[in-house]
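Architecture at a glance
Residue-level listing of the chains:
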Amino acid sequence: MKEIIENIKLNSDKAIDSKINELWNISTYIHENPEMCFEEYKACDAQCTFLENNGFAVAKNIGTLDTAFCATLSFGTKLPVIAVLSEYDALTIGHACGHNLIATSALGAAIGIKNFLETNNYNGTIKIIGTPAEESGGGKIILLINHVFDDVDSVIMMHPTSAPSRLAGECLSSKRISIEYTGKVAHAGAHPENGINALSAANLHLVATGMLRQHFKADIRLSQIIVNSNNQTGLIPELSQIKGSLSCFKLNDLEKCADIIKNCAIGCGNAMGCKTEIIIEDGYQGRIPNKVLSDICKNELVKLNEPLLEGMPIDFGGEDLGNISRHIPICNPYITIFPEYKISNHTEQFKQLAVSKAGLKCVEISSKSIARTCIQLFIDPSLIELAKNELKIRLENE
Ligand SMILES: [Zn+2]
């Protein structure tokens, strides 16, 4: 039986190999046409056309988002439902996070899984879900709220990385901070006694939160900047804003720390006699890794001779897949485009790597390992129940 299953997976690999040039052309096209947050029309169209041409039923403009899509292929009882996610938004400097590789790997995986479902007698539905605006718009959160993931049993998505490949562990949950101090303008030289200095309140807040850091848990990240203060030395600044972000691994710690920042902001405003307005909004929630799914994927990556880091290492990033991971078990392989050492995403160097030969290798390994993982789940759906159970226990202990 083991041999039969391995043969099935090898056939999936071959199907992916047969399309690798077409996949790479799409990856390059997306890289050369960077589109930001909710404006990824070209990338969306290129993927939908490829999936339609390969026999998937494609729905565009789903979950209220113009540039989201869902491509579906079902066999037998149509259950279980496994979703492979695609991302394709760029940054102001282009595809410096390599999301072109995420998109193309999802397409490659689609080809391998289609080969499996067509040529074997198993039940299931594969969905390739196009999720826009990861960098800033939280596309997946909008799709989750709008029921796009309601029938999905498991989710898998790759992300390109540097240093050796890995199965991603936990990452950070975050909040966005906005504080506005309003004081009173006055001539700084002639009548300072009539003014209320909003910039002083903002400075005081940075000093106070700086001192509080001593008492923060080690994983708490707080970054704040002052924006939009008056820039004339002859005036007492009447308006000052602080923008910031707060992040850490545990949602409970995040809430507690947000309260501390809020109290601090109020106290500093009061001290200077300013009116204080505070908005603290939810950012992305941290990823909950799933060991059951990750172990399956890890096993397939080993068979494909991909060197891997041990375990499921944590990282200090954040992604909207984290919100999904709190509802559906996810698997999040990070496949390298530069194994030698760590290069930060969102840099020119990473952008160049995302369209290099190493990027092509990354698409091949990612497509094959995602397809193989899904095939294993379709062959033995009891693994999905184990994955769901693991998530349930983890959420109970959050
Ligand atoms: Zn990214």
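Residues numbered from 1 in each chain as written. Predicted model: local features only at pLDDT ≥ 70, side-chain atom pairs only at ≥ 80, totals over all residues.

What follows deals with the sheet that holds strand β13 (residues 333-338). Taken together, the 3 strands give an open sheet; going across it, the order is β6-β13-β7, and neighbouring strands pair in mixed fashion. Each edge of the open sheet is held by one strand with a lone partner, namely β6 (159-162) and β7 (166-167). Bridge analysis of β7 against β13 gives 2 bridges, and the strand direction is antiparallel. Across the sheet, residue R166 finds its bridge partner in β13, namely Y334. (Pairing = 2+ DSSP bridges. Helix = DSSP H or I, 4+ residues; strand = E, 2+ residues; numbered from the N terminus.)

For the bond from L79 to P80, the omega torsion is 0°, close enough to zero to count as cis. The phi torsion at T64 lies on the positive side, around 70°, for a residue other than glycine. Note that T64 resides in the loop between β1 (57-62) and β2 (65-75). Judged by the 11 C-beta atoms lying within 10 Å of it, T64 falls in the exposed class. Phi is positive for N305, which is not a glycine, with a value near 65°. Looking at the element boundaries, N305 is found in the loop between α8 (291-303) and α9 (321-324). (Buried ≥ 20, exposed ≤ 12 C-beta atoms within 10 Å, placed from the backbone.)

So, on to the domain arrangement of the protein. Domain assignment breaks the protein into domain 1 (2-171 + 286-396) and domain 2 (176-282). Computed from C-alpha atoms alone, the centre-to-centre distance between domain 1 and domain 2 is 40 Å. (Domains from an automatic or database assignment.)

On the secondary structure map, L301 appears in helix α8. Filtering out sequence-adjacent residues up to four positions away, L301 remains in contact with S165, E306, L308, P333 and S369. (Contact = placed C-beta atoms within 7 Å.)

Take helix α1 (residues 2-18) next. Taking 1.5 Å of rise per residue, 17 residues should cover 24 Å, and α1 covers 25 Å from first to last C-alpha, within 8% of that figure. Taken residue by residue, α1 has K9, S12, A15 and I16 as its buried positions. Along α1, the residues classed as buried sweep out an arc of 110° about the axis, all on the same side. In α1, the exposed positions that point more than 90 degrees away from the buried face belong to E3, I4, E6, N7, K14 and S18. Buried-residue contacts for α1 involve α2 (20-32), α4 (99-119) and α11 (357-379). (Expected span 1.5 Å × (residues − 1). Arc of directions from axis to C-beta.)

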